[in-house]
Amino acid sequence: CQSTDGLVNDTQGVTFVVKHDVPAVIETELVTTSTEAGSPVAVNCVLSDRFGNLIPELAATDVDLDPGLERDPTASENFAVRGRLAGEYQLACRYQEIVDATPVTLTIRPGLPGASETVLEQNVVSATEFVSVSCSVSDAFGNALQGYETSVYALAADGAEDDDTG
């Protein structure tokens, strides 16, 4: 306290503590909003009361996930998720019956190359007949990758050189 003119004031003052109210809102935060297929992402759930006071001593009880996301059982954090198929997925923290009203979006990108596939237009042809061949590259989870150069090598079933087989 102090006098209106400011000449006299209480040099000691007093302290009071504002305690939070009951949980009312939960927010979902991601360490990153985009990751490669198969990589875990930590989920942070922030619980507060109706006045916006944080409630750090309480933890989320669950995370609601879109199909395509799964909890990472190896995570040391409260929650971590991972996706295997490329796409956008929503998730929301939950504390008992309180669910984040604004779920966050996690984008899963294809991972590093893990497989290639060769497709023939037809698999039996006559000598000197042309056949259409295509190649595709995907990550370990089957997500198609773009921009990778591929090559096709033709070998005769009997091991003969291509100059000998026509």
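The following refers to the structure shown. This is a predicted model, so every value here is computed, not measured. (Residues numbered from 1 in each chain as written. Predicted model: local features only at pLDDT ≥ 70, side-chain atom pairs only at ≥ 80, totals over all residues. Heavy atoms only, no water.)

### So, the overall build of the protein
Secondary structure summary: the protein contains one helix and 12 strands in total. Starting at the N terminus and ending at the C terminus, the protein contains elements arranged as β-β-β-β-β-β-β-β-β-β-β-β-α. Taken against the 2.2 N^0.38 rule, which gives 15 Å for 166 residues, the C-alpha radius of gyration of the protein at 30 Å runs more than 25% over that of a compact globule. For the C-alpha atoms alone, the extent of the protein along its principal axes is close to 110 × 40 × 25 Å. Considering the protein as a whole, with its 166 residues, one finds that 23% of them fall into the buried category. (Helix = DSSP H or I, 4+ residues; strand = E, 2+ residues; numbered from the N terminus. Rg over C-alpha atoms; globule rule 2.2 N^0.38 Å. Buried < 20%, exposed > 50% of the residue type's maximum accessible area, 1.4 Å probe, protein only.)

### Quick notes on the layout of surface pockets
Empty space within the second largest pocket amounts to approximately 160 Å³. Lining the second largest pocket are N44, C45, V46, L47, L54, I55, P56, L58, A59, A60, N78 and F79. Top contributing element to the lining of the second largest pocket by residue count: strand β3 (residues 41-48), with four residues. (1 Å grid on protein atoms, 1.4 Å probe; cavity = no way out; pocket = protein on both sides within 12 Å on 5 of 7 lines; lining within 4 Å. Points joined across faces, edges and corners; volume = space filled by probe spheres on them.)

### Some remarks on the sheet that holds strand β1 (residues 25-30)
Strand order across the open sheet formed by four strands is β1-β3-β6-β5, with antiparallel pairing between neighbours. Each having just a single partner strand, β1 and β5 (69-71) make up the two edges of the open sheet. On average, adjacent strands in this sheet sit at an angle of 35° to one another, irrespective of strand direction. Two strands pair when backbone bridges link them, and β1 and β3 are joined in this way by six bridges, in the antiparallel orientation. Bridging across to β3, V25 finds its partner in S48. (Pairing = 2+ DSSP bridges. Axes fitted to C-alpha atoms, helices over the stretch in contact; angles between N-to-C directions.)

### Remarks on the pattern of salt bridges
Should the charged atoms of two oppositely charged side chains come close, the side chains can pair. One pass over the full model with this rule turns up five salt bridges. Note that R71 is salt-bridged to D62, the shortest N-O span being 2.5 Å. The class of R71 is partly exposed, set by a relative accessible area of 39%. Take D62: its relative accessible area is 26%, and that puts it in the partly exposed class. (Salt bridge = Lys/Arg side-chain N within 4 Å of Asp/Glu carboxyl O.)

### Quick notes on a nonpolar patch on the surface
Taken together, the side chains of L120, V125, V131, V133 and V152 make up a nonpolar region of the molecular surface, amounting to roughly 340 Å² of accessible area. Residue placement: V131 occurs in the loop between β10 (113-120) and β11 (133-139). The exposure class assigned to V131 is partly exposed, which follows from its relative accessible area of 32%. (Patch = residues over 30% accessible without salt bridge, like charges linked within 9 Å, V, L, I, M, F, W, Y side chains within 5 Å. Areas by Shrake-Rupley, 256 points an atom, 1.4 Å probe, with all protein chains shown as cover.)

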